[in-house]
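# Secondary and tertiary structure notes
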Amino acid sequence: MKRIQDIDVGLLDRKKVIGDTSTPKLLVKSLEKMEAKKEDIQLLYQAERYYSDLSDFRDRAKRVRKYVRGKQWDDEIDDPDNPGTSITEEEYIMNQGKVPLKQNLMRTLNKSLSGQYQSNPKKSMVLANKRNDAKIGEMLTNTLYYAHQINHGQYLDARNFDTFLQSGLPICKIGYRYIDQLERPDLYFENINPRRVCFNTDIIDPRMNDLRFVCEIMDSTIEEVITAFANTKKQASMLRDLFLDPKTYDMNQLQGLVADTDDSLDFYVPTETNKCRIYEIWYKKSIFGLEIHDPVDGSYEFSEDITAEEIEAENDQRIQAALRNGITDVALIEYNERHSLQWYFKFLTNHGYCLLEGPSPYEHGEHPYAILAYPLQDGEVWGVLEDVIDQQRYVNRLITLM
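Residues numbered from 1 in each chain as written. Predicted model: local features only at pLDDT ≥ 70, side-chain atom pairs only at ≥ 80, totals over all residues. Heavy atoms only, no water.

## Here we look at the nonpolar core
Using the following cut-off: By convention a nonpolar core is built from buried Ala, Val, Leu, Ile, Met, Phe, Trp, Tyr and Cys residues, the set being connected through side-chain atoms within 4.5 Å. Each residue gets one of three labels from its accessible area relative to the maximum for its type: buried under 20%, exposed over 50%, partly exposed in between, using a 1.4 Å probe on protein chains only. The helix count covers DSSP runs of H or I at least four residues long, the strand count covers runs of E at least two residues long, and both are numbered beginning at the N terminus. Any pair of residues with heavy atoms lying within 4.5 Å of one another is described as a contacting pair.
Core analysis: the biggest nonpolar cluster contains 53 residues, and Leu169, Phe213, Leu239, Phe243, Ile281, Phe347 and Ile371 have the highest contact counts within it. At seven residues, strand S8 (residues 276-294) tops the list of elements feeding residues into this core. Not counting residues within four places of it along the chain, the set of residues in contact with Ile371 comprises Leu169, Pro170, Ile171, Met208, Leu211 and Val214. Counting nine residues, the second-largest nonpolar core is a separate cluster that includes Tyr67, Phe161, Leu165 and Leu385.

Now the structure itself:
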């Protein structure tokens with residue numbers, strides 16, 4: 001909604017209306033309060049429940065990944081020699097004096113499909129519906145190509161395609177941050193490990209329109225946390241006290257460049273002792289406000305801050321200004337009251353302290369995650385390669401018997 005002092009009086013003529021752009025919403029800092037609210041703790045419990053509900057999916061995705069890596073005799077079975085205990089199939093075969101042979105068909109299939117994907121790269125294009133907007137579409141196409149280029153998008157897409165084949169749940173996060181190599185803020189996107197993400201598990205729409213809760217589990221050093229959330233030395237000191245100042249030189253006891261860190265992920269406690277646990281939570285919240293349509297710029301917006309009295313006062317000013325300029329058909333603001341679901345975000349610690357919160361700062365009003373759940377048939381998600389496990393086991397058993 002535009003104020004009378006910010007618009008050309010000539011635009012009040014309904015016959016001469018043109019469009020304009022709106023300003024982005026501002027973020028809300030809440031670091032100074034530094035208290036664990038009941039609603040934030042409940043939000044954390046809700047995220048923990050969703051994370052627990054996705055345990056079966058994570059186990060199946062882990063099994064597929066191990067098969068692709070060649071660990072195809074690691075399924076556990078009951079030990080016939082020691083009732084009540086379990087051993088892996090590899091140990092059982094070796095106890096019988098045989099060699100657990102395998103021929104990795106799944107890795108070959110994964111590489112073949114990934115190679116086909118990379119050898120046929122696609123370029124995103126913006127197509128204009130109107131001929132007069134063709135130049136704008138070309139400009140936006142070049143902008144997309146630029147964003148893809150500075151983020152090494154071709155490589156990221158290839159790795160996310162591997163995630164799609166193995167788990168059926170590739171996730172990408174799109175945002176805006178300072179890029180050191182460019183020495184300026186710019187569009188930034190990255191792949192997110194699905195083992196570190198949870199969401200409402202009752203989704204059934206393949207378009208993800210029924211998504212209403214997303215939580216990402218992040219482990220960062222104390223220096224990274226201070227850089228992201230502290231604006232003053234006092235706030236930096238508060239964060240060090242809150243996280244007990246974990247030292248960056250403390251090392252965890254896990255092996256490097258392996259999947260053990262994420263496989264042994266605990267919801268509340270970071271696996272690496274030199275990291276701080278942060279949760280980025282996006283959720284839909286029902287708010288009451290006004291749905292506003294301004295014919296001056298053709299905009300539709302929903303606001304809980306603007307009142308009906310303010311809109312009526314603005315319309316009165318428009319009428320007076322239009323009459324002074326000989327305009328009889330005045331473009332007035334239309335509005336109605338209703339409830340609306342809006343995306344909000346919070347950055348929480350593992351103790352429920354809120355570091356940052358506010359409504360979605362994006363013009364589209366959504367969350368920053370691009371999630372593909374495949375095939376989402378009857379609410380179930382699985383990777384393409386999961387269908388090949390039985391054939392892989394048949395081949396391994398056959399060559400072992402031979």
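This is not the end of the story, as more comes after the structure.
## Things to note about the sheet that holds strand S12 (residues 369-371)
Here is the rule: Here, any two strands with at least 2 DSSP bridges between them count as paired. Note on definitions: angles span 0 to 180 degrees between N-to-C directions of axes, and those axes are lines fitted to C-alpha atoms, for helices only across the stretch in contact.
The three strands lie next to each other as S5-S4-S12, forming an open sheet whose pairing is antiparallel. Two strands bound the open sheet, and with one partner strand each, they are strand S5 (184-192) and S12. The sheet shows a mean angle of 25° between the axes of neighbouring strands, taken without regard to direction. Set on the sheet, helix H5 (residues 134-150) makes contact with strand S4 (171-179) and S5; between it and S5 the angle comes to about 70°. Strands in contact with helix H6 (residues 153-167) are S4 and S5; relative to S5, the strand with the most contacts, it is inclined by about 20°.

## So, the packing of helix H7 (residues 222-229) against helix H8 (residues 233-242)
The condition is simple: Every angle not falling under 35 degrees, over 145, or within 65 to 115 is termed oblique; those three ranges are roughly parallel, roughly antiparallel and roughly perpendicular. By definition, turning the near helix anticlockwise from the far helix through less than a right angle yields a left-handed crossing, and turning it clockwise yields a right-handed one. Note on residue categories: nonpolar means Ala, Val, Leu, Ile, Met, Phe, Trp, Tyr, Cys or Pro, charged means Asp, Glu, Lys or Arg, and polar means any other residue, Gly included.
Direction vectors running N to C along H7 and H8 enclose 140°, while the axes themselves pass 10 Å from each other. With respect to H8, the element H7 is oriented oblique. When you trace H7 past H8, the crossing you get is right-handed. Residue-level contacts link Ile222, Glu223, Val225, Ile226 and Phe229 of H7 to Gln235, Ala236, Leu239 and Arg240 of H8. Split by residue class, the contact of H7 with H8 holds six nonpolar, one polar and two charged.

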